[in-house]
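Geometric and topological summary
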Amino acid sequence: MELRQLGYFVAVAEELHFGRAAERLHIVQSAVSMQIQRLERELGVELFDRTPRRVRLTAAGERLLPKARAVLAAAEEARAAVAPAPGLRIGTGAALGTHLDRVLAAFARRAPDVPVELFELPAGERLARVAGGRLDAAFVRAVDPVPGVRVLPLWPDPLLAALPAGHPLAAREEVGIGELARLPLSLTERRNNPPLVDLVVGACREAGFEPLPGPAGGSLRDTLAAIGVRPLWTVVHASHARVLHSPRVAFVPFSPPGLALPTGLAVPTTAPPPHVRTLLLACRDHEN
């Protein structure tokens, strides 16, 4: 007796039709009939009364049906017991810094047996993958919602001014954004990060000046290298600045109210994938 035969038997018993059972099993009807006949020969009984007009269970079939269902359920439980635990696929960005480390540590405490895969991607790609089911969740900052995705607020992430370490303002405990008016601003192009560029340029204009354009493009590492040898400034997320090591660059907080972008967790609008609720609890652990 094979599990496959029991599965075919249950399908026919529930459909009471060999053709419909075959459609449900995605196989040809002749294969279903052959396996049922083999099962009947092995058991030495007929399980179905077959007529041209209908199929119904015999008394032996009625007795076998609950036992067959129990065997199939036990087999599924056995498979589940040894199957690897489903992992958690998270989209991330380069500037999460210490936030990511602390959230992952909190998640590991809550779910030590759950593997985590990280995918560092542009924000638009992170959202598209969450919407398409290729990521379970993604950390994002100040993004517009897209169909199939909702963004749950997590925490505000302050920005710091990155200045040449030898500049007079670098020794200050905080700096007003208006004090940077004479330094060129090195910032990524707006199409790469609209919320960040709009926030910084808008703050400059509110302070009464149009920022002097510095070199744009390239990585943050390249920008910090340039700041180390030229009078420029840029902004860096505080959480990222903590893991950067640039002896020729100083990171200075902005004077109140400061600058900050909200960080959120993008998740599907449908039922959350496994472990996303645990990830949210880990994010709250991180905040406390």
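Now for a quick tour of the structure. Within each chain, residue numbers correspond to sequence positions counted from 1 in written order. Reporting in this predicted model follows two pLDDT cut-offs: at least 70 for local features of residues, and 80 or more for side-chain atom pairs to be given and counted; totals over whole chains, interfaces and linings ignore these cut-offs and use all residues. Side-chain calculation: all heavy atoms of the structure are included, whereas hydrogens and water are not.

Remarks on the overall build of the protein
Secondary structure elements follow DSSP: runs of H or I of four or more residues count as helices, runs of E of two or more count as strands, with numbering from the N terminus. From N to C terminus, the protein includes 10 helices and nine strands. Based on C-alpha atoms, the radius of gyration is set beside the globule rule, defined as 2.2 Å times the residue count to the power 0.38. Computed over C-alpha atoms, the radius of gyration of the protein comes to 31 Å, more than 25% over the 19 Å expected from 2.2 N^0.38 for 288 residues, which places it beyond the range of a compact globule. Viewed in the frame of its principal axes, the protein has a C-alpha envelope of about 95 × 35 × 30 Å. Each accessible area is a Shrake-Rupley estimate made with a 1.4 Å probe; only the visible protein chains count as cover when residues are assessed. A total accessible area of about 15800 Å² is found for the protein, and carbon and sulfur atoms account for 55% of it.

Quick look at the pairing of strand S5 (residues 137–141)
Only protein chains enter the accessibility calculation, which uses a 1.4 Å probe. A residue is then buried if its area is under 20% of the maximum for its type, exposed if over 50%, and partly exposed in between. Within S5, five of the five residues are buried, which leaves it mostly tucked inside the rest of the structure. Burial of the side chains of S5 extends over both faces: Ala-137, Phe-139 and Arg-141 are buried on one face and Ala-138 and Val-140 on the other. A strand pair is defined by DSSP finding two or more bridges across the two strands. Bridging between strand S3 (residues 88–92) and S5 involves two bridges; their strand directions are parallel. For Gly-91, the partnering residue across the bridge sits in S5 and is Ala-138. Both S5 and strand S9 (residues 260–268) contribute to a ladder of four bridges, which runs antiparallel. Counted as the bridge partner of Arg-141 is Thr-263 from S9.

Considering a nonpolar patch on the surface
Nonpolar side chains (Val, Leu, Ile, Met, Phe, Trp, Tyr) are joined into patches within 5 Å and like charges within 9 Å, using only residues with over 30% relative accessible area and no salt bridge. Every case where a carboxyl oxygen of Asp or Glu lies within 4 Å of a side-chain nitrogen of Lys or Arg is listed as a salt bridge. A surface patch of nonpolar side chains, amounting to about 250 Å² of accessible area, comprises Met-1, Leu-43 and Val-45. Within the secondary structure, Leu-43 sits in helix H3 (residues 29–43). Taking the relative accessible area as the measure of exposure, Leu-43 reaches 35% and is therefore partly exposed.

Comments concerning the pattern of salt bridges
Think of it this way: side chains of opposite charge can pair up when their charged atoms draw near. All chains considered together, the criterion is met by 16 salt bridges. With a shortest N-O distance of 3.0 Å, Arg-89 and Asp-136 are connected by a salt bridge. Taken together, the residues span a long stretch of sequence, with Arg-89 in strand S3 and Asp-136 in the loop between helix H6 (123–131) and S5 at a distance of 47 residues. What you see here is one network of salt bridges that share partners, running through Glu-14, Glu-15, Arg-20, Arg-24 and Arg-69.

Thoughts on the side chain of Gln-5
Tracing the backbone shows Gln-5 in helix H1 (residues 3–15). In what follows, a contact means two residues having at least one pair of non-hydrogen atoms within 4.5 Å. Contacts of Gln-5, omitting those with residues within four sequence positions, involve Gln-35, Ile-36, Arg-38, Leu-39 and Glu-42.

A word on the packing of aromatic side chains
Here a Phe, Tyr or Trp ring, Trp counted by its six-membered ring, pairs with any other such ring whose centre lies within 6.5 Å, and the pair is stacked when the planes are under 30 degrees apart, edge-to-face when over 60, and tilted otherwise. The tally for this structure, following the rule as stated, stands at four aromatic pairs. Taking the centre distance of 5.5 Å and the plane angle of 55 degrees together, the rings of Phe-9 and Phe-48 count as tilted. With Phe-9 in helix H1 and Phe-48 in strand S1 (residues 48–50), this residue pair connects regions lying 39 residues apart in the sequence. According to the relative accessible area criterion, Phe-9 is buried, its value standing at 0%. In this structure Phe-48 comes out as buried when scored by relative accessible area, which is 1%. Three or more aromatic residues joined by ring pairs form one cluster here, namely Phe-9, Phe-18 and Phe-48.

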